[in-house]
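# A structural walkthrough
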Amino acid sequence: APSLSPTYSPTIVTAPPTDFPTRIPTVSPTVSPTILVLNWYFWGAEEGRGNTFGEDQPEPELIVGNIEDVSAGSRHTFLVEEDGTAYAAGFVESGFGYRGHLGLGPIQNCNNDAPGKFCELENSPKIIEKVRDSDGNLVDAPPFVRVYAGVGVPADSAEMHSILIGRNGKVYITGNNSKGQLCIREEEEWKEYFHEVPGISNAVQAAVGKEFTLILTEDGDVYGCGTNEVGQIGQGRDVSFKNKPTKIDLSGIDQISTGLSYAIFLDRDKSRVWGTGSNLYWQQCGDTGGEPFSDVREIVFKGGGDIIQIESSRESSYFLFEDGKARACGRNDEGQLGNGDFVNSENQDSPIVDVNLNKDIVRLGSGPSSQSVFFILKDEVWAAGLNDRYQLGINEIGSREMPVKVDFQCGVYIDYVSSSGSHSVGDGFYLNNCFP
């Protein structure tokens, strides 16, 4: 398995920190908060990190390193180290179909032995060394803090694009641009390097959907670009796409999350949630007769207390409440709502169901191409949903409709889990002097 920095000493602590560091935005990325050093973990389809196609990692494997952020996409993974260096790894089906979502420049001729080259098929982690600035010049990559991997259906799709946020608050996007999802005001169909998005220098979070992008700024505003065919970027019925950052009619937003063709937004101070885009599987927690939300509408909850986190998978939504309980709505064909059955929301007694886990949940994890969900506790992780490639990390195949404990080898602090359709990654460290 690839190791980014094999010379690092492992991080060993005896108890979880009192204040959990988190990738959920609370401050501008220009501020450097003091947090414990994180390693990373990988499980599921090995091609997702550039290893042999078709092989699987059945439970979380520890890879030692100083990790700031990690994100799982369709057959690829991005990592950001504590010093701001970003890496891309994964599987490229064909140079003819590739549209730049890894941001490593053009695919090279790798007929002979090609260590370090960017090739067709498997690619172990490679440094993202260059980006293009807002004037289109190829420059050295800045230090990054957040990364958001691409969404493809199927996994080898050319529709993918990916996002990095720099410590300077600027946003960089690479990949397919067929609907303007790179936010760079250009008509060119795709880019093979990350390009700086003009006009934004205070981003704290971003989100990737199928052919659309969302950006959350420090002042609580949300901007979208890309397709709006079913209201993905909340611009109403008369707008089909935008190729530049366009403000969505919201303010005071703390968190954003996207599925394949929809988005949800949280104002944590007011405990209010909004959604826009597809509602085909009632992933926005109500009946619209299958019709999408073409602009943002509030999702209303009855009871449960204040909402402290939102998360989306491919066509399902999750809501974490201050009492440590989670509720969910949307598609459930793989048990991904975690409520004990395989029934979609439209056929439930109530479209919003309780996650069947009698434990205090600290955070949620999933991803816009995933049909799995992860419930992060203080010293363990539970999961539900699709599991045909060991993406739940439980050393067994088969989807789970009830949350099951992820097979970490001992107590573990996990900051975040990001899941794709075939593999999952997380960042954190083992507790209580455990180092397998």
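These numbers come from a predicted model, not from an experiment.

Time to look at the confidence of the model for the chain. This prediction gives the chain a mean pLDDT of 90; 89% of its residues lie at or above 70. Confidence over residues 1–21 falls short of pLDDT 50; this stretch has 56 contacts with residues more than four positions distant or in other chains. Here residues 25–35 scores under 50 on pLDDT; set against residues more than four positions off or in separate chains, the count is 18 contacts.

Right, let's get into the packing of aromatic side chains. Under the criterion given, the structure shown has twelve aromatic pairs. Ring centres of Tyr-98 and Phe-118 lie 5.4 Å apart, and the angle between their planes is 70 degrees; this geometry places the pair in the edge-to-face category. One end of the pair, Tyr-98, is in the loop between strand 4 (86–92) and strand 5 (121–127); the other, Phe-118, is in the loop between strand 4 and strand 5, and 20 residues separate them in sequence. Each member of the pair, Tyr-98 together with Phe-118, is buried. Taken together, the ring pairs connect Tyr-41, Trp-43, Phe-374, Phe-408 and Tyr-430 into an aromatic cluster.

On to the pattern of salt bridges, then. Applying the stated criterion across every chain, the model contains 21 salt bridges. Here Glu-380 ties to Lys-359 by a salt bridge, and the two come within 3.8 Å at their closest N and O atoms. One end of the pair, Glu-380, is in the loop between strand 25 (372–376) and strand 26 (381–385); the other, Lys-359, is in the loop between strand 23 (353–354) and strand 24 (363–365), with 21 residues separating them in the sequence. Of the charged contacts in the structure, one is a salt bridge between Glu-380 and Lys-405, with a shortest N-O distance of 3.2 Å. With a gap of 25 residues between them, Glu-380 in the loop between strand 25 and strand 26 and Lys-405 in strand 27 (residues 400–405) connect regions that are remote in the sequence. Residue Glu-380 is classed as buried on the basis of its relative accessible area of 15%. Linked through salt bridges whose partners overlap, the residues forming this network are Arg-314, Glu-315, Arg-331 and Asp-333.

Roughly 290 Å³ of internal volume is contained in the second largest pocket. In terms of lining, the second largest pocket is formed by 15 residues, of which the most central are Leu-104, Gln-108, Gly-116, Ile-127 and Glu-129. Looking at the lining of the second largest pocket, the element that brings in the most residues is strand 5, giving three residues. Taken together, the residues that form the lining of the second largest pocket break down as seven nonpolar, four polar and four charged.

Here is what the cut-offs are and how they apply
Residues numbered from 1 in each chain as written. Predicted model: local features only at pLDDT ≥ 70, side-chain atom pairs only at ≥ 80, totals over all residues. Heavy atoms only, no water. pLDDT = per-residue confidence, 0-100. Contact = heavy atoms within 4.5 Å. Phe/Tyr/Trp six-rings, centres within 6.5 Å; stacked < 30°, edge-to-face > 60°. Helix = DSSP H or I, 4+ residues; strand = E, 2+ residues; numbered from the N terminus. Buried < 20%, exposed > 50% of the residue type's maximum accessible area, 1.4 Å probe, protein only. Salt bridge = Lys/Arg side-chain N within 4 Å of Asp/Glu carboxyl O. 1 Å grid on protein atoms, 1.4 Å probe; cavity = no way out; pocket = protein on both sides within 12 Å on 5 of 7 lines; lining within 4 Å. Points joined across faces, edges and corners; volume = space filled by probe spheres on them. Nonpolar A, V, L, I, M, F, W, Y, C, P; charged D, E, K, R; others polar.

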